[in-house]
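Chain by chain, the residues run as shown.
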Amino acid sequence: MDDWKASSLIKPFGARKKRSWYLTWKYKLTNQRALRRFCQTGAVLFLLVTVIVNIKLILDTRRAISEANGDPEPEQDYDEALGRLEPSRRRGSGPRRVLDVEVYSSRSKVYVAVDGTTVLEDEAREQGRGIHVIVLNQATGHVMAKRVFDTYSPHEDEAMVLFLNMVAPGRVLICTVKDEGSFHLKDTAKALLRSLGSQAGPALGWRDTWAFVGRKGGPVLGEKHSKSPALSSWGDPVLLKTDVPLSSAEEAECHWADTELNRRRRRFCSKVEGYGSVCSCKDPTPIEFSPDPLPDNKVLNVPVAVIAGNRPNYLYRMLRSLLSAQGVSPQMITVFIDGYYEEPMDVVALFGLRGIQHTPISIKNARVSQHYKASLTATFNLFPEARFAVVLEEDLDIAVDFFSFLSQSIHLLEEDDSLYCISAWNDQGYEHTAEDPALLYRVETMPGLGWVLRKSLYKEELEPKWPTPEKLWDWDMWMRMPEQRRGRECIIPDVSRSYHFGIVGLNMNGYFHEAYFKKHKFNTVPGVQLRNVDSLKKEAYEVEIHRLLSEAEVLDHSKNPCEDSFLPDTEGHTYVAFIRMEKDDDFTTWTQLAKCLHIWDLDVRGNHRGLWRLFRKKNHFLVVGVPASPYSVKKPPSITPIFLEPPPKEEGAPGAAEQT
Amino acid sequence: MSRINKNVILALLTLASSAFLLFQLYYYKHYLSAKNGAGLSKSKGSRLGFDSTQWRAVKKFIMLTSSQNVPVFLIDPLILELINKDFEQVKNTSHGSTSECKFFCVPRDFTAFALQYHLWKNEEGWFRIAENMGFQCLKIESKDPRLDGIDSLSGTEIPLHYICRLASHAIHLVVFHERSGNYLWHGHLRLKGHMDRKFVRFRKLQFGRYPGAFDRPELQQITVDGLEVFIPKDPVRFLEEIPHSRFIECRYKEARAFFQQYLDDNTVEAMAFRKNAKELLQLAAKTLKKLGVRFWLSSGTCLGWYRQCNIIPYSKDVDLGIFIQDYKSDIISAFQDVGLPLKHKFGKVEDSLELSFQGKDDIKLDIFFFYEETDHMWNGGTQAKTGKKFKYLFPKFTLCWTEFVDMKIHVPCETIEYIEANYGKTWKIPVKTWDWKRSPPNVQPNGIWPISEWDEVIQLY
């Protein structure tokens, strides 16, 4: 406080001033004229300076005081200012209150233009068939969602109903048909279109063209429709031009309390649509979860990399489950988005997480692979102290005890260098083959789908020789190759801690998902205490397996292993079966067995030195490949290993065999 | 008449000044009570200087950071210097017992704190709370340099600096980010177009003129002027680091362009060499650091860093530079102790010293000692067969930190001049055949060693 130093100087001045006044009088009496004059002028000047300094001082002090006492007041001021500012700013940004919207529907082309800007254009052949739906913000005119529902195909109309129901009232809806959109447009969907006020929508016929603009829950703003004259021809192209009046921002937005969270919510909800109750005005679903912290959390400071593409709805679901898992630390999460997509970035911002976009370098599988590399490198750059990273994908649900599972097992990765990874996913852990959430296995295959990577493995081995963009390899297939894996194994739980829900994907389709992923078991019990974690170490595990095999009851090998009766109707027993396996890479019988057990049979997963472990009818069921497996010694001499003939090759495996 | 007038004027002025004096007293009292009301009345005795703006700003800032769990520590050179002078006493004073404000009340424009970004859990909302407390804050953000090395990633921007002003004093919060190589990095304070250039006197800031790199300091909590703050455990070391903390980033964009033109060598041999060279460099760096010897990347290793942000796979050795004044006689034994035997030694400490150590898999570690003249630097070379001496001239340079193969390491700040001296203007074009006696444009013959000295100046093992 310089001011106050000044003040302490001034006080003596004041005192001296009084004395000098007295002296002046004294000098006057002595009648020494020149001296008197001088003293008088001096005194006057002095007094003047004192007055000025005092005035300045008072002004300064007043300012300092108001600054010092200012804390509570500016708080209110600030909030008020904010409240006043926001609406006015928005009002200022949109002087025009009407949007002019053009919608075109025809056999081979659809487009939508808002105020002269094309927001949808699709004239690609053999693509984009069905009803295109666009949602606009009624206050700003921004595109909030763009979807296409191929209602020529079954079930797509259900997705459309689901989507349209989620759109908030008041939004502007635009629909247009490309090629054909009526074949599988069922009554529920038609009823919904009727409720939106559409005339032609509910009556949409084979190869009709149709363009529609309306407000959800409000008036129809324009509609055009052209009937197809004959089965073999299409309706005439229709072009709908209409004006859409914009409403005020206040009407378009909900009145949530002004918190940091709701600010994020507001930003999100004014940009995108189709996320259900997160944008509900009355009762919005929370976007902060604060799950219980884990006692003694060993993975609190392990970075989590979420690998994502352009499936924002998946990412939304995934992040919800991830942020609800006990022991999660949100600041350790980074979402890597493959491409400059806005909507996934909006989802990331909604949850207040870090998002990184990646310019695509290559195509298809190689692109995914390059995205993985960049994401992993970036993760270890951003968290240089981390010794591990958790790798997740956008189409996974994360179990509530995911971090608890890792916290209990991660020390294995440090202590046992015969380990390649810890994965939350058991390839063979289906509803009917997994049972014990406290049980862990060692397997020679790398399951992926939620796993922990050791930094030294990545930095020293994988990163330098990661497949280059011109090699069209799957990163996970590459990681499973013997050159990379070098005989190391992964730790997996019996009951998976992740659930693969993605149906749309590079190597994924609905049929494939239904067959191989839908019935996967997923742990929902919080805080499971894992059993005997240290017995998963290399040597201890062998001891454990030998103990298991010794106490296992040998099944009746004369029965058909595909029959349900192969295993007795008991509970809690351990059974063993021996199958034929001539060499380390002979999986003929195993593949047939896997097929009839309805587990993963597209390649070999989940084996440990020719041994598979799973559950059947709540019994632990061991399968040993004889004679390749070292555990063949446990086979009683009287038993002949089961051999199953592969069926003659006619039907190939459906879809691609990969699960990226 | 005039005399009476004068008297009247005098009387009036006296009256006025007494009135103002009274005013002043009144305001002073008012001001004091206001300050005490704000909860600062811890000691009853006289507390000198505790009303300074500097102290109040720091006090508020510490209140803010401790209530919001913002992991900060004091890095202000001026105050650390003062604390360091009085270290024993500061450590012994318990909370609140100080009667005199000795450190935070020193007149200055800024107080600098560091924020450990990786420990910060609740970034959101902090800014608003600071503003509600009366701070006016400026946030300077930029893209994350840790993503620069990776092709085509773009993330959300990271905060680099916060400047929070309270009355006439400002807190400069320098955001320290963790980087690979166990060090902390802070960014360049670059004002963007729309920012208020007169917000504070930016020129006077102690940090942010350049990006900087620091060894991660251990921290300790102490009570200074009644305020609890974290400071580096070894303030002297931290203070010494400050003037030499300038950091330069590798030129990742140019390196990518280079690799587009001259594809990267990804053969097994190249990868093995890179791995071994990296390990050798890390081992050398560790050894020299332990000895306290400054060194930098020189010759081919420096070129590799500058041109391609990586080790040049066909360079076959690792090159370091050391100023001759930093030479220590135990360098050789220290390297031997970590499994790097001396391969040859040329020259002597007074002239053209050069050491070579044998790393594993036939990789050589060359250490060139640099001699300083009034207008240039040079290092020497010796041809073993003939005893010929060579001199390599460089323009004068200073040292900067950079990140290379997961390490914080020195390079000449004036890198381009250094490299052009050594490799000419065509350094961008890879050359696989290089004669160290003829190819460099900065080589000069420097006579011949007298035969009598050969035993000393040419030692081959």
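Taking an unreviewed UniProt entry as the reference, chain B is identified by name as Ribitol-5-phosphate transferase belonging to Enhydra lutris kenyoni. Comment text from UniProt for chain B, heading Subcellular location (unreviewed entry), reads "Membrane". Per UniProt, the comment on chain B under Sequence similarities (unreviewed entry) is "Belongs to the LicD transferase family."

The name an unreviewed UniProt entry gives chain A is Protein O-linked-mannose beta-1,2-N-acetylglucosaminyltransferase, with Mustela putorius furo as the organism. Its UniProt record, at the heading Subunit (unreviewed entry), says of chain A: "Interacts with DAG1 (via O-linked mannose moiety). Interacts (via transmembrane domain) with FKTN; the interaction is direct and is required for normal location in Golgi membranes." Turning to chain A, the UniProt annotation filed under Catalytic activity (unreviewed entry) states: "3-O-(alpha-D-mannosyl)-L-threonyl-[protein] + UDP-N-acetyl-alpha-D-glucosamine = 3-O-(N-acetyl-beta-D-glucosaminyl-(1->2)-alpha-D-mannosyl)-L-threonyl-[protein] + UDP + H(+)".

Residues and elements named next belong to chain B. In total, this model carries 55 aromatic pairs over all chains according to the counting rule given. Summarising the aromatic geometry, the rings of Phe207 and Phe214 are spaced 6.4 Å apart at their centres and angled 55 degrees between planes, so their arrangement reads as tilted. For Phe207, a relative accessible area of 3% corresponds to the buried category. On the basis of relative accessibility, which here comes to 0%, the residue Phe214 falls in the buried class.

A separate point is the sheet that holds strand E18 (residues 489–493) of chain A. The mixed open sheet is built from nine strands, whose spatial order is E16(A)-E18(A)-E15(A)-E17(A)-E13(A)-E10(A)-E11(A)-E12(A)-E4(B). Pairing within the sheet leaves two strands with one partner each, and these edge strands are strand E16 (440–443) of chain A together with strand E4 (153–155) of chain B. Along the sheet, successive strands turn relative to each other by an average axial angle of 25 degrees, direction set aside. When strand E10 (residues 304–308) of chain A meets strand E11 (residues 333–338) of chain A, the two strands line up parallel, connected through five bridges. Residue A:Ala305 lies in a different strand from E11(A), and its bridge partner there is A:Thr334. Across the sheet, helix H8 (residues 312–324) of chain A touches E10, E11 and strand E13 (388–393) of chain A, and the angle it forms with E10(A) is around 165 degrees. Helix-sheet contacts for helix H12 (residues 455–462) of chain A involve E13, strand E15 (419–423) and strand E17 (451–454) of chain A, and the interaxial angle to E17(A) is about 60 degrees.

Residues and elements named next belong to chain A. Ordered by their spatial adjacency, four strands build an open sheet running E3-E2-E1-E9, and the pairing between neighbours is antiparallel. Edge positions in the open sheet fall to strand E3 (117–122) and strand E9 (238–245), since each of these has one partner strand only. Each strand axis lies, on average, 10 degrees off the axis of its neighbour in the sheet, ignoring direction. Alignment of strand E1 (residues 98–105) against strand E2 (residues 110–114), held across five bridges, turns out to be antiparallel. Across the sheet, residue Val103 finds its bridge partner in E2, namely Val112.

Residue and element names in this part refer to chain A. For strand E4 (residues 130–136), a buried count of seven out of seven residues is recorded, marking the element as mostly surrounded by other parts of the structure. The sheet contact formed by E4 and strand E5 (residues 143–149) spans six bridges and is antiparallel. Bridge pairing links Ile131 to Phe149 in E5. Hairpin remark: E4 followed by E5, antiparallel, with six residues in the connecting loop; positive phi at Gly141, about 80 degrees.

Glancing now at the domain arrangement of chain A. Taken as a whole, chain A is organised into domain 1 (98–250), domain 2 (304–534) and domain 3 (537–634). The gap between the C-alpha centroids of domain 1 of chain A and domain 2 of chain A is 38 Å.

On to the state of the cysteines, then. Residue and element names in this part refer to chain A. Summed over all chains, the structure comprises seven disulfides over all chains. Here Cys421 is linked by a disulfide to Cys490, with a sulfur-sulfur distance of 2.2 Å. The S-S bond linking Cys421 to Cys490 shows a torsion near 120 degrees; that makes this disulfide right-handed. Here Cys421, found in strand E15, pairs with Cys490, found in strand E18; they are 69 residues apart in sequence, far enough to count as distant. Residue Cys490 is classed as buried on the basis of its relative accessible area, which comes to 1%.

Rules used in this analysis
- Residues numbered from 1 in each chain as written.
- Chains lettered and ligands numbered in written order.
- Predicted model: local features only at pLDDT ≥ 70, side-chain atom pairs only at ≥ 80, totals over all residues.
- Heavy atoms only, no water.
- UniProt positions renumbered as here; feature names shortened; annotations may be inferred.
- Phe/Tyr/Trp six-rings, centres within 6.5 Å; stacked < 30°, edge-to-face > 60°.
- Buried < 20%, exposed > 50% of the residue type's maximum accessible area, 1.4 Å probe, protein only.
- Pairing = 2+ DSSP bridges.
- Helix = DSSP H or I, 4+ residues; strand = E, 2+ residues; numbered from the N terminus.
- Axes fitted to C-alpha atoms, helices over the stretch in contact; angles between N-to-C directions.
- Contact = heavy atoms within 4.5 Å.
- Domains from an automatic or database assignment.
- Disulfide = S-S within 2.5 Å.

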